[in-house]
Amino acid sequence: MSIKHIHKTNFYSDIFEENTIPSVYKNFKLKHQNEKFSELVIKKMPAAKVYAFELIPDYIDLKIKDGFICNKSFQKFGYALELNAYNSVDDYIKNEFKTSFRKNFSRIKNKFESSFNVKYEVFYGDNITIENYGVLMKSLHTMLKKRFQERNDRNLVLENWEHYLSITFKQVHEKKASLFVTFCDEEPVAISLNYHLENLLYSAIASYDLDFSKFSLGNTIIYKLVEWSYNNNYEFIDLGYGNFNHKQVWCNKTYSFENNIVYKKSVYFGKTYSIFIKYKNLLVNYLISKKVNVLYKNIKGFFKTKNKKNLTNSLSLQVMKVNHLTENDSKNLAKINFKEQNYLFLRKSINDFIYSNKTHIDNVSLYKSNIENSFYVKGLKNSIKITVIKH
């Protein structure tokens, strides 16, 4: 058997996606509990001189086996919700948030639910078919692509999408994973893929349709996670890493991800390697604190946008208020179905109109001008004109 010098493992993926724990550890439990994770399976490690475990959340209590040395270093922060102190999602919100946030969140959530034909559904167990699964995962993939293109950022989930697509259906049926879905007129507009480990829920992959950005669906996703967790006796929700605003707002616990470098005393370069990892993490976090990563994204985005403009003609939409369309005005325009594929590029503007005018989507109509490249959106009391501008 050949021996690797260094074996690297993503601890976070192993414990949630595979429900395994590396064989070099002998104790593993949540820090506030006495019982071990009973659902975890010991994962035998390949022969190596040094084991490098990335992304170990510090809310898990780990003990290394005898004969090994473990050097730890900080990697990044994670966000979580501890639910034990409260009895319901409303109790959590009442105690964890200021009055201004509670009122604003309630107002936007109510506006969303009164503006569209909304349905919330949790797929957990055998209540999902392979056909529905394919539709939902395709929607989640599309949402993630659009979201990270807008952020001009890479996403490891997208880069490993086939892996998630191949394993998640089985995990949902085995109740090791779930899909929380928000539907508008039977169309998924927000999805969270979660992993379950005893009374711990990890929201691993979540996204929403950017056309609904006014309605703060990121907050609604977490609200539904918390509500379901209380109803099903879950005590802890892990939101993972990534400094998205809704994570920072909802969490009542910030924890640390650590690197563990594990080796035997006889391995002379184990300590040297652990020092290298420690200072590498320090450097990365220092550069992030100075927003060097933001500068890099902006520069990359500038050249990407410039190249895109050179290759293709881009479109922009100009939106302006107009006098409310009368029935006579409407006769001179062609009424069209704004849900058709050809007109989906108008959907964000239509949704923004719905948000601003507190109207239901069933009371909104779209008309196309026959003499100019313009569209008119008509509600019960107000109207807007959308002009398509080619560059």
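Before reading on, note that the structure itself is shown above.
1. Overview of the packing of aromatic side chains
Moving on, step 1. Applying the stated criterion across every chain yields a total of 34 aromatic pairs.
Moving on, step 2. Aromatic side chains Phe215 and Tyr355 sit 5.2 Å apart centroid to centroid with 85° between the ring planes, which places their arrangement in the edge-to-face category. Placement of the pair is Phe215 in the loop between β11 (200-208) and α7 (217-231) and Tyr355 in helix α12 (residues 347-357), with a sequence separation of 140 residues. Both residues of the pair, Phe215 and Tyr355, count as buried.
Moving on, step 3. Here a set of aromatic residues connected by ring pairs shows up, and it is made of Tyr12, Phe16, Tyr59, Tyr195, Tyr202, Phe236, Tyr241, Tyr255 and Phe257.
Moving on, step 4. The residue whose ring lies beneath Lys224 is Tyr120, and the NZ or CZ to ring-centre distance is 4.2 Å.

2. Here we look at unusual backbone geometry
Moving on, step 1. Residue Lys175 is not a glycine yet carries a positive backbone phi of 60°.
Moving on, step 2. Here Lys175 shows up in the loop between α6 (161-173) and β9 (177-184).
Moving on, step 3. A relative accessible area of 45% places Lys175 in the partly exposed class.

3. Overview of the pairing of strand β7 (residues 68-82)
Moving on, step 1. Bridge analysis of β7 against strand β13 (residues 253-264) gives twelve bridges, and the strand direction is antiparallel. Paired with Lys72 across the bridge in β13 is Asn260.
Moving on, step 2. Here β7 runs beside strand β12 (residues 236-240); their pairing, made up of four bridges, is antiparallel. Looking at β12, one finds that Leu81 is bridged to Ile237.

4. Some points on the packing of helix α3 (residues 99-115) against α7
Moving on, step 1. Where α3 meets α7, the axes come as close as 10 Å, and the angle between the chain directions of the two elements is 95°. By the criterion of interaxial angle, the relationship of α3 to α7 is roughly perpendicular. Judged by residue contacts, Phe105, Lys109 and Phe112 of α3 engage Leu217, Asn219, Thr220 and Tyr223 from α7.
Moving on, step 2. Looking at the contact of α3 with α7 residue by residue, the class counts come to four nonpolar, two polar and one charged.

5. Comments concerning the sheet that holds β9
Moving on, step 1. Taken together, nine strands build an open sheet; the order of strands is β1-β5-β13-β7-β12-β11-β10-β9-β8 and the sheet is mixed. Each of the sheet's edge strands pairs with one partner strand only, and the pair in question is β1 (4-10) and β8 (118-123). Taken over all neighbouring pairs, the strand axes of this sheet differ in orientation by 25° on average, direction set aside.
Moving on, step 2. By the bridge criterion, six bridges tie strand β5 (residues 48-57) to β13 in an arrangement that is antiparallel. The partner of Pro57 across the bridge, within β13, is Phe257.
Moving on, step 3. Against the sheet, α7 contacts β7, β8, β9, β10 (187-197), β11 and β12, and its axis sits at roughly 45° relative to β10.

6. Some remarks on helix α4 (residues 130-151)
Moving on, step 1. Relative to the 32 Å expected for 22 residues at 1.5 Å per residue, α4 spans 31 Å between its end C-alpha atoms, a close match to the ideal helical length.
Moving on, step 2. Residues of α4 that are buried: Tyr133, Leu136, Met137, Ser139, Leu140, Met143, Leu144, Arg147 and Phe148. On an axial view of α4, the arc spanned by its buried residues comes to 160°, and they lie on one face. Away from its buried face by more than 90 degrees, α4 exposes Glu131, Lys138, Gln149 and Glu150.
Moving on, step 3. Asn152, located one to two residues past α4, shows a positive phi value of around 55°.

7. Notes on the pairing of strand β3 (residues 25-30)
Remember that side chains alternate between the two faces of the sheet whenever the strand is regular.
Moving on, step 1. Most of β3 is tucked away: five of the six residues are buried.
Moving on, step 2. The sheet contact formed by β3 and strand β6 (residues 60-64) spans five bridges and is antiparallel. Each residue of the ladder has a partner; that of Phe28, found in β6, is Leu62.

8. Section: the sheet that holds strand β17 (residues 374-378)
Two strands in a sheet stick together by hydrogen bonds in their backbones, pointing the same way (parallel) or opposite ways (antiparallel).
Moving on, step 1. Here five strands make up an open sheet; going across it, the order is β14-β18-β17-β16-β15 and the pairing antiparallel. Every interior strand has two partners, whereas the edge strands, β14 (315-322) and β15 (334-336), have only one. The average undirected angle you get between the axes of adjacent strands in this sheet is 30°.
Moving on, step 2. Across the sheet, α12 lies against β14, β16 (365-368), β17 and β18 (383-390), angled at about 155° from β18, the strand it touches most.

9. What to know about the environment of Thr20
Moving on, step 1. Note that Thr20 resides in strand β2 (residues 20-22).
Moving on, step 2. Taking C-alpha positions, Thr20 is 53 Å from Val319, a pair spaced 299 residues apart along the chain.

What counts, and at which threshold
Residues numbered from 1 in each chain as written. Predicted model: local features only at pLDDT ≥ 70, side-chain atom pairs only at ≥ 80, totals over all residues. Heavy atoms only, no water. Phe/Tyr/Trp six-rings, centres within 6.5 Å; stacked < 30°, edge-to-face > 60°. Helix = DSSP H or I, 4+ residues; strand = E, 2+ residues; numbered from the N terminus. Buried < 20%, exposed > 50% of the residue type's maximum accessible area, 1.4 Å probe, protein only. Lys NZ or Arg CZ within 6 Å of the ring centre and 35° of its normal. Pairing = 2+ DSSP bridges. Axes fitted to C-alpha atoms, helices over the stretch in contact; angles between N-to-C directions. Parallel < 35°, antiparallel > 145°, perpendicular 65-115°, else oblique. Contact = heavy atoms within 4.5 Å. Nonpolar A, V, L, I, M, F, W, Y, C, P; charged D, E, K, R; others polar. Expected span 1.5 Å × (residues − 1). Arc of directions from axis to C-beta.

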